[in-house]
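One-letter residues, chain by chain:
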Amino acid sequence: MTDNCYHCGLPIPSGADFSVEIEGAPRAMCCAGCQAVAQAIVANRLADYYRHRDALPESPREALPLELQELGLFDHPEVQKNFVRPVGEHEREAALILEGITCAACVWLNEAHIARQPGVTAVDINYATRRARVRWDERQIRLSQILEAIAAIGYRAHPYDVMRSEQLAQKERRAALWRLFVAGFGMMQVMMYAIPVYMAGEGEMTADIEQLMRWASFVLTLPVVLYSAAPFFVSAWRDLKLGRVGMDVPVALGVGAAFAASTWATLTAAGAVYFDSVTMFVFFLLSGRYLEMMARQKAVRGIEELARAIPAFCTRLPRYPAMDVERIPVAEVGVGDTVLAKPGETIPVDGTVLSGESSADESLLTGESRPVAKVAGDAVVGGSVNVASPLVLRVDRVGEGTRLATIQRLMERAAAEKPRMVEMADRIAGRFVVTLLLLAAVTAIVWWNIDAARALWVFVAVLVVSCPCALSLATPAALTVATGAMTRHGVLVTRGHAIETLARATHIVFDKTGTLTEGRPRVTAALALGQVELIEAWALVAALEAASEHPIGRALRDSAVVGVAPEPSQGIPPHITFAPPGATELVARTGRGVEGRCGGLLLRIGTPAYVAELHAAAEPAEAAGWAAEGATVVALGDAAGWIALFRLEDTPRPGAAAAVAALRAQGLAISMLSGDSPGAVARMAAGLGIGDARGAMTPEDKHAAIKALQDGGAVVAMVGDGVNDAPVLAQAHVSIAMGSGTELARSQADVVLLSDDPIHLTEGVTVARRTLRVIRQNLVWAFVYNVSAIPLAMAGWITPWMAGIGMSASSLLVVMNALRLQGQRGK
Amino acid sequence: MDILYLLIPLSIVLVFLIGAGFWWSLKSGQFDDLDGPGYRILMDDDRVRAEDGQDASLPENPPK
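Looking at an unreviewed UniProt entry, one finds chain B named Cbb3-type cytochrome oxidase maturation protein, with Sulfurisoma sediminicola as its source organism.

In the nomenclature of an unreviewed UniProt entry, chain A is known as Cu2+-exporting ATPase of Sulfurisoma sediminicola. Per UniProt, chain A has the following entry under Subcellular location (unreviewed entry): "Cell membrane".

Let us look at the overall build of chain B. Looking only at helices and strands, chain B features two helices and zero strands. Residues counted as buried form 27% of the 64 residues belonging to chain B. Working note: accessible area of chain B is about 4700 Å², and carbon and sulfur atoms make up 66% of it.

Our next topic: the confidence of the model for chain B. Low pLDDT means the predicted coordinates in that region are not meant to be read closely. All names here are of chain B. Residues of chain B with pLDDT of at least 70 account for 64%, and the chain-wide mean is 71. Predicted confidence for residues 46-64 stays below pLDDT 50, and this span has 27 contacts to residues more than four positions away or in other chains. Among the prediction metrics, the complex's ipTM stands at 0.71, with pTM recorded as 0.55.

Moving on, we come to the sheet that holds strand S29 (residues 751-753) of chain A. All names here are of chain A. What the seven strands build is an open sheet, ordered S17-S29-S28-S27-S18-S25-S26; its pairing is mixed. In this open sheet, the two strands that pair with only one neighbour each are strand S17 (491-493) and strand S26 (692-694). Sheet twist, expressed as the mean angle between neighbouring strand axes with direction ignored, is 20°. Contacting strand S25 (669-673) and S26, helix H23 (residues 678-688) runs over the sheet at an angle of about 155° to S25.

All right, on to the UniProt feature "transmembrane region" (unreviewed entry) in chain B then. Residues annotated in UniProt with the feature "transmembrane region" (unreviewed entry) correspond here to residues 6-26 of chain B. This span, residues 6-26 of chain B, is 100% helix and 0% strand, and a straight line between its end C-alpha atoms measures 30 Å.

In this section: helix H9 (residues 230-241) of chain A. Every α-helix carries 3.6 residues per turn, so stepping three or four residues along brings you back to the same face. Residues and elements named next belong to chain A. In this model H9 runs 16 Å from its N-terminal to its C-terminal C-alpha over twelve residues, within 8% of the 16 Å that 1.5 Å per residue would give. What H9 keeps buried is the set Ala230, Phe232, Ser235, Ala236 and Asp239. The first or second residue beyond H9 is Gly243, which carries a positive phi of 75°.

On to the nonpolar core, then. Counting 66 residues, the largest nonpolar core has Tyr193, Val255, Phe281, Val282 and Val465 of chain A together with Ile8 of chain B as the members making the most contacts within it. Ignoring any residue separated from it by four or fewer positions in sequence, one finds Tyr193 of chain A in contact with Met213, Ala216, Ser217 and Leu220 of chain A together with Ile8, Ser11 and Ile12 of chain B. Membership of the second largest hydrophobic core comes to 53 residues, among which are Ile499, Ile736, Leu772 and Val814 of chain A.

Residues and elements named next belong to chain A. If you walk across this open sheet you meet the three strands as S13-S12-S15, and the pairing is antiparallel. Of all strands in the sheet, those bounded by a partner on one side alone are strand S13 (372-374) and strand S15 (385-386). Relative to S15, strand S12 (residues 358-361) is paired through two bridges, and the arrangement is antiparallel. Opposite Asp361, over in S15, you have Val385 as the bridge partner.

Below, the discussion takes up the pattern of salt bridges. Residues and elements named next belong to chain A. A complete count under the given rule lists ten salt bridges over all chains for this structure. Here Glu93 and Arg133 are joined by a salt bridge, their closest N and O atoms 3.6 Å apart. Placement of Glu93 in strand S4 (residues 91-99) and of Arg133 in strand S6 (residues 131-137) is noted, with a sequence separation of 40 residues between them. Of the residues examined, Glu93 reaches a relative accessible area of 9% and is grouped as buried. Glu595 serves as the salt-bridge partner of Arg604, at 2.8 Å between the closest nitrogen and oxygen. A single network of salt bridges, built from pairs that share partners, joins Glu93, Arg133 and Arg135.

Here we come to the packing of aromatic side chains. Scanning all chains against the criterion turns up eleven aromatic pairs over all chains. Measuring from centroid to centroid gives 5.0 Å for Phe22 of chain B and Phe31 of chain B, while their planes differ by 50°, and the two rings are tilted. An aromatic cluster is built from Trp178, Phe181 and Phe185 of chain A together with Phe22 and Phe31 of chain B, whose rings are joined through pairwise contacts. One Lys or Arg, Arg179 of chain A, reaches over the ring of Tyr227 of chain A and ends 4.6 Å from the middle of that ring.

What counts as what
- Residues numbered from 1 in each chain as written.
- Chains lettered and ligands numbered in written order.
- Predicted model: local features only at pLDDT ≥ 70, side-chain atom pairs only at ≥ 80, totals over all residues.
- Heavy atoms only, no water.
- UniProt positions renumbered as here; feature names shortened; annotations may be inferred.
- Helix = DSSP H or I, 4+ residues; strand = E, 2+ residues; numbered from the N terminus.
- Buried < 20%, exposed > 50% of the residue type's maximum accessible area, 1.4 Å probe, protein only.
- Areas by Shrake-Rupley, 256 points an atom, 1.4 Å probe, with all protein chains shown as cover.
- pLDDT = per-residue confidence, 0-100.
- Contact = heavy atoms within 4.5 Å.
- Pairing = 2+ DSSP bridges.
- Axes fitted to C-alpha atoms, helices over the stretch in contact; angles between N-to-C directions.
- Expected span 1.5 Å × (residues − 1).
- Core = buried A, V, L, I, M, F, W, Y, C linked by side-chain atoms within 4.5 Å.
- Salt bridge = Lys/Arg side-chain N within 4 Å of Asp/Glu carboxyl O.
- Phe/Tyr/Trp six-rings, centres within 6.5 Å; stacked < 30°, edge-to-face > 60°.
- Lys NZ or Arg CZ within 6 Å of the ring centre and 35° of its normal.

This is the structure:
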């Protein structure tokens, strides 16, 4: 443990000196974030957490002042009205989603910590759903203070609207459990009445007692058939109406026929009853469905948490055309307000573009995957994503629906999209059912001629024993469980086909920015080229990059605002403060730079080639020199020539080299395609052990490179991040985005790495491959079972209750086999 | 054997009563979280011991 952080388990960077005394010994930490969290835990006498946990927590991202500041917005009554419920005069109750829970000790830690905040009257965390209900006294504590307290121990809490999806899921869960109980209890009790009849020898039981038993069984089977089995009848009826034959048809037919025949036998006091078989069959079937539903809900919850990441806040320009901004909750935006949508951000409202030129991705709303161009006067739709440049919008319509609508769209997409394999299994099962019904009919006719009394039971047995439930469950059960398991590894699957494709992938292509590196290039040197003083150059940078979401733009802006560089000797005064002049007509050119007008002067900032188009002056020697050393060079210039040069460098993520090695060990070919200069890319690739690395790639080049790989027969997984990667991600067979990446990349990607740690990708690939193996096992088993059981049933050797057990057992086996994927939780 | 005419209807009534009991527990949310309470009871014991009998409800300042 000496080299790893005591709190989060990440390696401790050399030179870091953070330590906290826990249980009598100093423990080394990897960063100030972990240190602050550990101190908060110890100071609250909650150090027990470290003894009980059986999984390491997520590393706390260093608390962002902006994020903490935004917590204050949650105290606003306008924001609260969606998720805070008054209880009594001063008490309030809210539902929270807790992020970062990895084990039971986390639940305890949060519960104990929140409960000790003065003014908190009740707290209740559901271990299974990671949802918390908090009740507090408004006079003593504010909601933001509670959220802050949770942030202090390293977790993130977000209020959510309890009214919608969660309530629905809970209702579904309770209904399913109730159906299962009715079927199970009915089954046990009916068996009680059936066993004596089976056991009694000839003449030991009088006919009236047997008739009494039959009536008792009938009374208890009635709710099982009418209530518990209702979903099968409903879905079978729906299938028939649509002219399809689903797997519920034989189930409904079998249950219906057996129940009707048994009821007839009871009424006429003649023939045999099989109430016990009917109830048992329904119970086993529902058990399988229940397990599958639990797995599915777990998977959906992860998706919901992802969608929550879409901000509840937006940027308003209260005194437009003045460009000073304020962050406010979306709920507070009124019609007629002016808001700023930065590139990569989700547009929070329906509105009209006032200024700016960009394109909006509306694929979530319309399914149209190409971004739609937006210029002044165009209408934009809330929920679409601004792709290229900042847009100033006039708000036309607001609605609390925007964020929720997006959540629903994301969830629906994941649920509605049937993976190819499931579709295939369904198609095969459909044909299988038709064949089966024919076989059952033929069997019934043949048996009618052999032994009319047994014909019905053989017919029912054939229907039941060979129901292709196992075949239909084989793939979706494995996929849903795998989705849940991968979510726990920090790999969120948002598309149906992603797991299958990830398992088959032969190539992993990384985009350097933000995937293998921190994604935060830092300015390491700046140079004024004679036109103006460096300090003025910085002011221009701040103006041009004011709305930039690109990592390089952000780095420049951050450096401009504080004017800090690690090496002041290279010409940057340690602290510069100034009021940035406003820039207008900002246009971002993907992969090249930003153009804008500042004080009447047309300026460009970006790659030297892009800036040179403005003035055609020769490139300064330093630019080539820095580029050769592997750094990213950003130039600033106007029509008169160069103004300044900036050197930026990015550092690889701590686990990147290990992740690349692990992926290679899994037999994957690794490539790196980056828009950065070839020198920087080559140096980075050498450090990480990547052989195939190409730099200076435009999005079109990346697109072509991936297409070339695919034409060579490779299955390509692309790990991308930025706004400009969206079309490239779409070209790859399976696209993977970083959780901290732009919303556009996240909402388009098939897979999201929530943890931002590329090492989790290897776990994702491992789980995906095991999933494919389990699916194959399931399909083989389902096939073998059906092929061997049908002839036996047709020969009349299987009674309906045996058939019920056989069919349910084969379905359960398939589900259990799938559940194996759930094991091996991350340490 | 005539007693069966009383006992079997009685058992059916009992089944429905138990069913109603389960329905009530389901409605009141007792089956919503099946994992949590098991862990919770383990944790709580240890906390009291670790605090040397100090009052758990002692107000604390929230850490910054």
